[in-house]
Amino acid sequence: MRGLRSGYADFLRIKFEETGDPAILARAIELARSVVESAKPADRDYARYLTHLANALQARFVARGDRDDLDQALALRRRSLDAPSARAADRPTLTANLATTLMVRFESAGHPADLDEAITLAEMLPGPRAGDPAGAGLTANLVNGLRLRARRTGATADLDRAVTLARSAMHATPQRAAHRSRLALAFGNALIGRFERTGAGEDLADGITALRIAAAGEKVNALEHASCLSSLGAALTMSYLGDGPFDDLVDAVECFREALAITPADYPDRRRVLTNLSFSLRLGAESDDEPLPLIAEGVRAAEEALALTPDDHAERGTILASLANLYGARFTTTADRIDIDRALAVDLDDDFSHAALLAARFQAFQDPADLDRAIEHYDAASRAGVTPLGLRLVAARREGELIAEHRSLADAAKPYRRATTFLPALAWPGINYADRQSWLASHGLQLACDAAAAELAAGPAAAALEILETGRGVTWTQLLNLRTDLGKVADISPALALALQETRRTLEELSAGARQQAARPPSRAVPEPDLAQSLNERGTRLTEAGRTAEAVPLFAEAVRILRRLTAADAYFEPYLAATLLNLALSLDSAERTEEALAAGTEVVGIYRRLAATDPAGHDAALARALLTVSIALSTAGRADEAVPIAREAVDIRRRLARADPAEFTGELAVSLATLGMHLVMTDRLEPGLAAISEAVGIFRRINADDPDAYGPQFAHALYHRIRTLDALGRADEAWSARNESIALLEQLAEADPDTYEADLARMLAELGHASTDLGRHEEALATTERAAEHLRRLAAAEPRHQRALAGALMDLGNCLAAVGRHDEALAATDRAVEVSRGLVIPDPAGLAGALANRGMTLAELGRHTEAVTAAREALELRRGLAGADLLVACSLEEVGRYEAALGRLDAAVAVQREAVEIWRQLPQEQDELFAAQAVLGRMLRQSGHRPSRPAGE
């Protein structure tokens, strides 16, 4: 019977993937969970029951994005492999399922360890063999994992291996075999990934062929078919942009349309399909005789994509730009002012696009304000270092053209001169001669002439002549620069000049083909020490911007360079150590803990050696390295090993702080707080509290003099002091510490509300709970009201705070009830219920709690009929929660009390009996059982029945 129910649950999951109906999936999860909970590990099909529940939870994660569902699915996958009943024949499939779920979690959370484990598992699995194609899906998993890792690390070797594996598997897999479509999709995506890295046209062509096979093959479900179509559409768009035929773009649009038609409205991947569709439609409109229908469809797609995209999503800027460009494209066709106004109303952070739209509106309607703003935005675009150089040149040139045409030619001299300065860099000798000539033909001569005319209008002819020659003589100047006069070199070193002259003669004799064959190592344009320093500085800037994953490869390359330099000259060893430390810190921030630990351990060894001979120069760096290693150890679950290392860092910084308090006292506090956290993690609460409290005392003194110095670190230390005091049961001290934390967080939130207001609201809510526990109900009410006010503001701006708002409103209702303000308590609790019902990701436990509170408040007001309704809804929600027996019993007793108050004693007795039976199954809750039995006895006596004595009593 269990096997039938479990199979039906998996059937419902497949039905959900075909229809997108969440009610079907909820039923599948409920049914599969009930089977797992009723089964035993020794059951013959236990691994299959676990797999069906994991499948359903993973499907819900893909649809809704709740990480808890994915984590549960992953835990179930691991249990299925460990199940005693797992048959040897099933282990490849169970292993593949685990690998797939790990890859899904990597794509969601970005933990490299998940991806590495997934690849390791996939490598253990058999690939497809002649006559046994079942391994096609398993190979697809491995190919996808290698492609994802290549995207993360930049390792071309992983892409090459993915392509080789997939190509071999495709040859071994019959055309109509199961999972061949999935394998073709993985193969195509790997080829396209390699094309994006190398630009090899054959990879793009082969990738499109593979993706066509995937799109035409048999699919497991509609969503997999949509994924194939979307990938094919993206590849065809790339082909068209790379001078492919217009038919490629037509096919791409049809792929995206078909993918959209079978992608449910609430499916997360729908946003990406819509964005790609809007982009390809805009490209098509540029070449179509009747562009308006394509533009209209593109606008609808972009608007829907925008509606599905959170405000803080990384792709939102791209979608906004696409929408603005579509409005602009429609304006160029219709000249309808509404379209250009809509385009400019879009919140763009792209100065060039904004300037182009403003210039178009000015040309149409001649508003001087549009001209002023267009010039300002073109000026900003031409000066922005992050903007591509070619775009900067065009921006400066258009700025000059607008000024020259609508203001004065003399005023255009500055932007025109700026544009000409970009010409030598764009037509640099590193690109081939034909491309240089193309750039100069497009921009050089005419730009130089326009710029010279502006210079003539602005001042002396000499400046105009100089700018004219800049544009005309780029290539000639480059040739002359490569033929420097060796006379001055000969004055200093005749031998060197003679050698250089000989080298020049040899190079001139080499033909272009012979030069490519000359077996000489390429010279570096930048000396290696300078290159390492540049990489280090750029990595540091990325780290400071929170982009640690991008910083890691830069630091790694700098370390490789410095290792070579240090091997030749020990002078570079301190620079190697400093860069290794940066690498360790960035790896730790990127959650690559083991790699961070290895790098940090090496750094400590280097700094110990350096500090032994020069403590004044290297002790501070040694302490920083020790602290980095201790944090990596603690993150890896090795807090016992972290403690002595952190203690050594504290000792060093204490010594340094005595010698130079201004420089090192704050760093001593950081070390003490870190040591305290490690001690607490090893259950040494009192020593941990002592270290954290000393850190808090130091931070407090620093903050009094300089609030900007260590504010975030102070807040972090206070947070951990509160947690430790709570663990020690020292409620009064924890209450005082929370007040101090709130004062600090208010200070930080005033300067940076985006970062600290949510933390402030959370701490206010905690203080409210602590005040209630201490019987300080008026203070609890005041702080809870403040927490709710902050969360109202946060939730209005960002829906992700709605759940916290519901909790704060529920707390507010409790606090109001505690001081006898029951009408206001009911209003707050009703609002909590309303917010809980409206959550994007439902929270049945939170809604049940809010409804239970509503019932209690209504009962206090004597409205027992309404109280019963609320309490019964809470009861039904709690019955559907896993592991909620205690809450179900509480809800049953609440219903019983309200029914009894209405005189409905039979109903009250029925639910109270059920509550007693649940308490009886919870041996740790014996006091609750005795109390519930006493209530049941009173109810029975009131109803005229004698309580029956349970058997055995």
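Here's a quick rundown of the structure. Since the structure is predicted, the reported quantities are computational estimates derived from the model, not experimental observations.

1. Considering the overall build of the protein chain
The helix and strand tally for the protein chain stands at 46 helices and zero strands. Out of the 953 residues in the protein chain, the part that is buried amounts to 47%. Residue pairs at least 24 apart in sequence account for 57% of intrachain contacts in the protein chain once pairs closer than 6 positions are excluded. Accessible surface for the protein chain amounts to roughly 46,500 Å². Of this, 54% is attributable to carbon and sulfur atoms.

2. Concerning the packing of helix 17 (residues 351-365) against helix 19 (residues 389-406)
Packed helices, taken two at a time, are described by the angle their axes make and the gap between the axes. Helix 19 packs onto helix 17 with a crossing angle of 25° between their chain directions and a minimal axis gap of 11 Å. If you check the angle between helix 17 and helix 19, you find them roughly parallel. Handedness of the helix 17/helix 19 crossing: left-handed. Contact with helix 17, carried on its side by F352, A356, A359, F362 and Q363, involves L391, V394, A395, R398, L402 and H406 of helix 19 and no other residues of that element.

3. Digging into the pattern of salt bridges
Opposite charge on two side chains permits them to pair, given that their charged atoms come into close proximity. Inspection of the entire model under this criterion finds 62 salt bridges. Residues E641 and R638 are paired through a salt bridge, measuring 2.9 Å at the closest nitrogen-oxygen approach. With its nearest N and O atoms 2.8 Å apart, the salt bridge here joins R654 to E694. In this pair, R654 sits in helix 33 (residues 639-659) while E694 sits in helix 35 (residues 685-705), placing the two residues 40 residues apart along the sequence. Here R654 falls in the partly exposed class, since its relative accessible area comes to 28%. It is possible to trace a salt-bridge network through shared partners that takes in R723, D726, R738, D759, R762 and E766.

4. Topic: the packing of helix 30 (residues 573-589) against helix 32 (residues 615-635)
Here helix 30 crosses helix 32 at 25°, and the two axes come no closer than 11 Å. On the basis of their axis angle, the class for helix 30 and helix 32 is roughly parallel. Between helix 30 and helix 32 lies a crossing of left-handed hand. Between helix 30, through P574, L581, N582, A584, L585 and D588, and helix 32, the contact on the second element is made entirely by H618, A621, R624, A625, T628, I631, A632 and T635. Looking at the contact of helix 30 with helix 32, its residues break down into eight nonpolar, four polar and two charged.

5. Quick word on the environment of D10
For D10, the location among the structural elements is in helix 1 (residues 2-19). Take D10: its relative accessible area is 13%, and that puts it in the buried class. Put simply, D10 and L53 are 43 residues apart on the chain and 7.8 Å apart in space, counted from C-alpha to C-alpha. The residues touching D10, leaving out its near neighbours within four places in the chain, are H52 and N55.

Thresholds, definitions, all that
- Residues numbered from 1 in each chain as written.
- Predicted model: local features only at pLDDT ≥ 70, side-chain atom pairs only at ≥ 80, totals over all residues.
- Heavy atoms only, no water.
- Helix = DSSP H or I, 4+ residues; strand = E, 2+ residues; numbered from the N terminus.
- Buried < 20%, exposed > 50% of the residue type's maximum accessible area, 1.4 Å probe, protein only.
- Contact = heavy atoms within 4.5 Å.
- Areas by Shrake-Rupley, 256 points an atom, 1.4 Å probe, with all protein chains shown as cover.
- Axes fitted to C-alpha atoms, helices over the stretch in contact; angles between N-to-C directions.
- Parallel < 35°, antiparallel > 145°, perpendicular 65-115°, else oblique.
- Left-handed = near helix turned anticlockwise from the far one by under 90°.
- Salt bridge = Lys/Arg side-chain N within 4 Å of Asp/Glu carboxyl O.
- Nonpolar A, V, L, I, M, F, W, Y, C, P; charged D, E, K, R; others polar.

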